[in-house]
Amino acid sequence: MIKKILKVIAALLVTLVLLFVVVAKFSAIESRYECKGTIISNGITRPTLVYIKLNEYRWWVGLWSDSDGSLNLEVPNEFVDYFGHLKEVGDLLQIFDHSKNLVGSYSRLSGTLALQTDLGFIDGTCVKIEKR
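Cut-offs used in this document
Numbering of residues starts from 1 in each chain and follows the order in which that chain's sequence is written. For this predicted model, a pLDDT threshold of at least 70 governs which residues receive local features, and a threshold of 80 or more governs which side-chain atom pairs are given and counted, while totals over whole chains, interfaces and linings are taken from all residues. To obtain the side-chain values, all non-hydrogen atoms of the structure were included, while hydrogens and water were left out. A pair of strands is considered paired only if DSSP assigns at least 2 bridges between the two. For the purposes of this entry, the term helix denotes a DSSP run of H or I that reaches at least four residues, the term strand denotes a run of E that reaches at least two, and both are numbered from the N terminus. Using protein atoms alone on a 1 Å grid, points that fit a 1.4 Å probe yet trap it form a cavity, whereas open point sets bounded by protein on both sides within 12 Å along at least five of seven lines form a pocket; residues with an atom within 4 Å of a point count as lining. Grid points are joined across faces, edges and corners, and a volume is the space filled by probe spheres set on the points. Three classes are used, and their members are as follows: Ala, Val, Leu, Ile, Met, Phe, Trp, Tyr, Cys and Pro are nonpolar, Asp, Glu, Lys and Arg are charged, and the others, Gly among them, are polar. Salt bridges, as used here, are contacts in which a Lys or Arg side-chain nitrogen is within 4 Å of a carboxyl oxygen on Asp or Glu. Three labels apply to residues, based on accessible area from a 1.4 Å probe with only protein chains included: buried if under 20% of the type maximum, exposed if over 50%, partly exposed otherwise in between. Cysteine sulfur atoms that pair up within 2.5 Å are treated as a disulfide.

1. Points about the pairing of strand E5 (residues 85–89)
Next, step 1: In the sheet, E5 pairs with strand E6 (residues 92–96) via five bridges, with the strands oriented antiparallel. Of the residues in E6, the one forming a bridge with valine 89 is leucine 92.
Next, step 2: Hairpin remark: E5 followed by E6, antiparallel, with two residues in the connecting loop; positive phi at glycine 90, about 65°.

2. Regarding unusual backbone geometry
Next, step 1: At asparagine 42, a residue that is not glycine, the phi angle is positive and equals roughly 55°.
Next, step 2: Within the element layout of this structure, asparagine 42 appears in the loop between strand E1 (28–41) and strand E2 (44–57).

3. A short note on the layout of surface pockets
Next, step 1: There is about 250 Å³ of room inside the largest pocket.
Next, step 2: Along its surface, the largest pocket is lined by 14 residues, and Arg32, Tyr51, Ile52, Lys53 and Glu74 are the ones closest to its centre.
Next, step 3: Among the elements of the structure, E1, E2 and strand E3 (69–75) are those that each provide at least two residues to the lining of the largest pocket.
Next, step 4: The residue makeup of the lining of the largest pocket, split by class, is seven nonpolar, one polar and six charged.

4. Here we look at the pattern of salt bridges
Next, step 1: Summed over all chains, the structure comprises five salt bridges.
Next, step 2: A salt bridge links arginine 32 to glutamate 30, with the shortest nitrogen-to-oxygen separation between them at 2.9 Å.
Next, step 3: Given a relative accessible area of 29%, arginine 32 falls into the partly exposed group.
Next, step 4: Relative accessible area serves as the criterion here: at 31%, glutamate 30 is assigned to the partly exposed category.
Next, step 5: Put simply, glutamate 78 and arginine 46 hold a salt bridge, and the shortest N to O gap is 2.4 Å. On the criterion of sequence distance, the pair formed by glutamate 78 in the loop between E3 and strand E4 (79–83) and arginine 46 in strand E2 is long-range, its members being 32 residues apart.
Next, step 6: With relative accessibility at 40%, the residue glutamate 78 sits in the partly exposed group.

5. Concerning the state of the cysteines
Next, step 1: Enumeration according to the criterion identifies one disulfide in this entry.
Next, step 2: Paired by a disulfide, cysteine 35 and cysteine 126 hold their sulfur atoms 2.0 Å apart. When the S-S torsion is 100°, as for the bridge of cysteine 35 with cysteine 126, the disulfide is right-handed. Linking cysteine 35 in strand E1 with cysteine 126 in strand E9 (residues 120–129), this pair joins segments that are 91 residues apart in sequence.

By themselves, these are just geometric observations and shouldn't be taken as functional.
See below:
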């Protein structure tokens, strides 16, 4: 009797661990982009190259989170930022800051990024790149 109970508990634990691994490993789709555009700061416009890493969450993440993804932003040798709250609106991903204020968007249809950062307003067109 005790052996049966222990086997059932062990099977449940193994199932929970496997479920956790699947959820943790397969809950987001990662894409990387190179964006050519401009930064506008203090009335000065300058060309820039920006890289973003976009994590789009699977539907089941919505069971415990109100975000549809996250975005890492890098201006090489100059600036790095993280946006942990994205909202999917059709082909548009709305980007929110840490206080959940709307600060920009990324269009999956046109590949355009428009984002207000501490560095300035970034506006550009992005193309998908492979992981390095």
